[in-house]
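Chain by chain, the residues run as shown.
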Amino acid sequence: MTARSAARRHRDEVGVVLAVHADRPGPFVIGGFVLAWLLFSGLTLINPGESPVLAAAPTVIFALLFGLVLLYVSGERLIVCERGLVLGSVAPGLRPSVIRYEQIVPGSIVPVTGARRYAAQTGTGGFPQSTVRRSVWTRQGLHFVGPSAQEARRHKALLAPLQDPPPRSVDGRWVWFVGTGATRPEQVTAQIAQAAGTCGAVQLAQATSAAPVRELSGNPADAARHLPGLR
């Protein structure tokens, strides 16, 4: 599934796609996968199979396995649409979440840098969460307060609810974070502000367009100041 095909599923709700931002792993992460593949393949050559086919089989299998893992970890997308956001993984078998602009708390969307310090600053540790779309290579993104992960999923899921966090905002809602990849987060908030204003979410548009970039410090004492609405 591509990002645009995933968004087309919800076109009646969020409108057409305006921009797609991919939070893919960088060259160092990809290089790590290649080195791991070379290492595992090299170990199999210590005692190779009796025939060339058997000798090459483990190398091919490892290449397929590492390639599949890389495909899934590279699937994170933030799709800005006319009336909402589609965010999450578009890897095969997975479906991203859908959030309309009217479901986002005005004033809570802020562009964020220093995302590697997000876990330390929010006290969430390294545990995966449905509403925090952040990988180890994510350096920048967007923070906002919105609906629950269950409401945003738009489909029934068996394992995903195990990663759903409790509400963590001051008004009992859910805190979201999504990476913007190589695109500066303030550019993405500008896109969202323009789209929200066009579809009638004027308060959200005005607050988002005026939101300054927040550099995370990693200090929990700064959490509420850097991430609006966080309890």
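Values in this document were obtained by computation on a predicted structure and should not be read as measured data.

*Asks:* I tried to follow the overall build of the protein on my own but got confused; where do I start?
*Replies:* For the protein, the helix and strand inventory stands at nine helices and nine strands. Over its C-alpha atoms, taken along the principal directions, the protein stretches across nearly 70 × 40 × 30 Å. By residue count, 45% of the 231 residues in the protein fall in the buried class. Counted over contacts in the protein with a minimum sequence separation of 6, partners at least 24 positions apart contribute 74%. Seen as two clouds, the 23 positive and the 13 negative side-chain charges of the protein have centres 1 Å apart.

*Asks:* Is there a simple way to think about the environment of Gly123 in this case?
*Replies:* Structurally, Gly123 can be placed in the loop between helix 5 (118-122) and strand 6 (132-133). Judged by relative accessible area, Gly123 falls into the exposed class, the value being 64%. For the pair Gly123 and Pro220, spaced 97 residues apart in sequence, the C-alpha to C-alpha distance is 6.9 Å.

*Asks:* Help me understand the sheet that holds strand 1 (residues 17-22) in this model?
*Replies:* Two orientations exist for strands paired in a sheet by backbone hydrogen bonds: parallel and antiparallel. Overall, antiparallel pairing links the four strands, which are arranged 1-2-3-4 in an open sheet. In this open sheet, the two strands that pair with only one neighbour each are strand 1 and strand 4 (97-100). Sheet twist, expressed as the mean angle between neighbouring strand axes with direction ignored, is 15°. Pairing geometry for strand 2 (residues 76-81) and strand 3 (residues 84-89), over five bridges, is antiparallel. Note on strand 3: the bridge partner recorded for Val80 is Leu85. Its contacts with the sheet put helix 7 (residues 185-198) on strand 1, strand 2 and strand 3, and the angle it makes with strand 2 is roughly 35°.

*Asks:* It is not clear to me how the sheet that holds strand 7 (residues 140-146) should be interpreted in this structure. Could you clarify?
*Replies:* Taken in spatial order, the five strands line up as 6-8-7-5-9 in an open sheet, and their pairing is mixed. Each of the sheet's edge strands pairs with one partner strand only, and the pair in question is strand 6 and strand 9 (214-215). In terms of strand pairing, strand 7 meets strand 8 (residues 174-179) through six bridges, oriented antiparallel. Each bridged residue has a counterpart across the sheet, and for Gly141 the counterpart in strand 8 is Gly179.

*Asks:* What am I meant to see in the environment of Thr59 here?
*Replies:* Inspection of the secondary structure assignment puts Thr59 in helix 4 (residues 52-73). Spatially, the C-alpha atom of Thr59 lies 53 Å from that of Thr198, the residues being 139 residues apart in sequence. Setting aside its immediate chain neighbours within four residues, Thr59 contacts Trp37, Ser41 and Thr44.

*Asks:* Would you mind showing me how to read the layout of surface pockets here?
*Replies:* Taking a probe equal in size to a water molecule and rolling it over the atoms shows the remaining empty space. What the largest pocket holds in volume is close to 880 Å³. If you go around the largest pocket, you meet 30 residues; those closest to its centre are Glu76, Pro128, Gln129, Arg133 and Gln163. Taken together, the elements giving at least two residues each to the lining of the largest pocket come down to helix 4, strand 3 and strand 6. Here the element with the most residues in the lining of the largest pocket is strand 3; it accounts for three residues. Partitioning the lining of the largest pocket into residue classes produces 13 nonpolar, twelve polar and five charged. Estimated volume of the second largest pocket: approximately 320 Å³. In terms of residue count, the dominant contributor to the lining of the second largest pocket is helix 3 (residues 27-44) (three residues). Considering only residue class, the lining of the second largest pocket consists of seven nonpolar, four polar and four charged.

*Asks:* In this structure, what is going on with a nonpolar patch on the surface? I would like to understand it.
*Replies:* Taken together, Ile30, Val34, Leu35 and Leu38 make up a surface patch of nonpolar side chains, about 360 Å² in accessible area. By secondary structure assignment, the location of Leu35 is in helix 3.

*Asks:* Would you mind going over the pairing of strand 3 with me for this structure?
*Replies:* The side chains of a regular strand alternate, first on one face of the sheet and then on the other. With six of six residues buried, strand 3 is to be regarded as a mostly interior element. The hairpin formed by strand 2 and strand 3 contains two residues between the paired strands.

Cut-offs and rules
Residues numbered from 1 in each chain as written. Predicted model: local features only at pLDDT ≥ 70, side-chain atom pairs only at ≥ 80, totals over all residues. Heavy atoms only, no water. Helix = DSSP H or I, 4+ residues; strand = E, 2+ residues; numbered from the N terminus. Buried < 20%, exposed > 50% of the residue type's maximum accessible area, 1.4 Å probe, protein only. Contact = heavy atoms within 4.5 Å. Lys, Arg positive; Asp, Glu negative; His and termini not counted. Charge placed at Lys NZ, Arg CZ, Asp CG, Glu CD. Pairing = 2+ DSSP bridges. Axes fitted to C-alpha atoms, helices over the stretch in contact; angles between N-to-C directions. 1 Å grid on protein atoms, 1.4 Å probe; cavity = no way out; pocket = protein on both sides within 12 Å on 5 of 7 lines; lining within 4 Å. Points joined across faces, edges and corners; volume = space filled by probe spheres on them. Nonpolar A, V, L, I, M, F, W, Y, C, P; charged D, E, K, R; others polar. Patch = residues over 30% accessible without salt bridge, like charges linked within 9 Å, V, L, I, M, F, W, Y side chains within 5 Å. Areas by Shrake-Rupley, 256 points an atom, 1.4 Å probe, with all protein chains shown as cover. Salt bridge = Lys/Arg side-chain N within 4 Å of Asp/Glu carboxyl O.

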